[in-house]
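Chain residues, written in single-letter form:
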Amino acid sequence: MATGLSNDEIAAQLVLSPATVKTHANRAMIKVAARDRAQLVVFAHRGGLAPTNQEPAYSR
C-alpha cells in the first residue's frame with residue numbers, strides 16, 4: 001500500500017485474494033482509527049513501518 005500498489009497487485013505479490021487484502025487493510029484502518037488508505041499509509045510512515053526511499057509503483 002505504501003508504495004502505491006492496488007489491492008489486486010498486493011494480492012498477486014502475496015498470493016492472496018484481493019478480498020483478503022482488502023479485509024486486512026480495513027482491519028488495520030479500524031485499529032489505528034484511519035479514515036482511509038492514505039491515512040493508514042501516513043500512520044505506517046510515521047511509525048517506521050513503510051519504506052520511505054522507494055519510488056512509487058506507478059513511476060515506470
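Heads up: these notes are all about the structure in this document. (Residues numbered from 1 in each chain as written. Predicted model: local features only at pLDDT ≥ 70, side-chain atom pairs only at ≥ 80, totals over all residues. Heavy atoms only, no water.)

Attention now goes to the overall build of the chain. Assigned secondary structure in the chain consists of 3 helices and 0 strands. In sequence order, the chain lays out its α and β elements as α-α-α. Each of the 60 residues in the chain was classed as buried or not, and the buried ones make up 20%. By sequence separation, contacts in the chain at least 24 residues apart represent 46% of the contacts at least 6 residues apart. (Helix = DSSP H or I, 4+ residues; strand = E, 2+ residues; numbered from the N terminus. Buried < 20%, exposed > 50% of the residue type's maximum accessible area, 1.4 Å probe, protein only. Contact = heavy atoms within 4.5 Å.)

The subject of this paragraph is helix α2 (residues 18–32). Over its 15 residues, α2 runs 21 Å from end to end, which matches the ideal 21 Å to within 8%, given 1.5 Å per residue. All buried positions along α2 are accounted for by Val21, Ala25 and Met29. Seen along its axis, α2 keeps its buried residues to an arc of 70°; they face one direction. Relative to its buried face, α2 has exposed residues pointing more than 90 degrees away, namely Ala19, Arg27, Ile30 and Lys31. Buried-residue contacts for α2 involve α1 (7–14) and α3 (37–46). (Expected span 1.5 Å × (residues − 1). Arc of directions from axis to C-beta.)

Next up on the list: the packing of α2 against α3. The description of two helices packed together rests on the angle between their axes and the distance between the axes. Where α2 contacts α3, the two axes come as close as 10 Å, and the packing angle between them is 65°. Considering their axes alone, α2 and α3 lie roughly perpendicular with respect to each other. For the pair α2 and α3, the sense of crossing is left-handed. Of the residues in α3, those touching α2 at Ala25, Ala28, Met29 and Val32 are Arg37, Leu40 and Phe43. Residues of the contact of α2 with α3, tallied by class, amount to 6 nonpolar, no polar and 1 charged. (Axes fitted to C-alpha atoms, helices over the stretch in contact; angles between N-to-C directions. Parallel < 35°, antiparallel > 145°, perpendicular 65-115°, else oblique. Left-handed = near helix turned anticlockwise from the far one by under 90°. Nonpolar A, V, L, I, M, F, W, Y, C, P; charged D, E, K, R; others polar.)

This part is about the environment of Lys22. Inspection of the secondary structure puts Lys22 in helix α2. In sequence terms Lys22 and Asn7 are 15 residues apart; their C-alpha atoms lie 6.4 Å from each other.

Our next topic: the packing of α1 against α2. Packing of α1 against α2 brings their axes to within 8 Å, and their N-to-C directions diverge by 110°. Classified by the interaxial angle, the pair formed by α1 and α2 is roughly perpendicular. Between α1, through Asn7, Asp8, Ile10 and Ala11, and α2, the contact on the second element is made entirely by Pro18, Val21 and Lys22. The residue makeup of the contact of α1 with α2, split by class, is 4 nonpolar, 1 polar and 2 charged.

Function-wise, these values are silent; they only describe arrangement.
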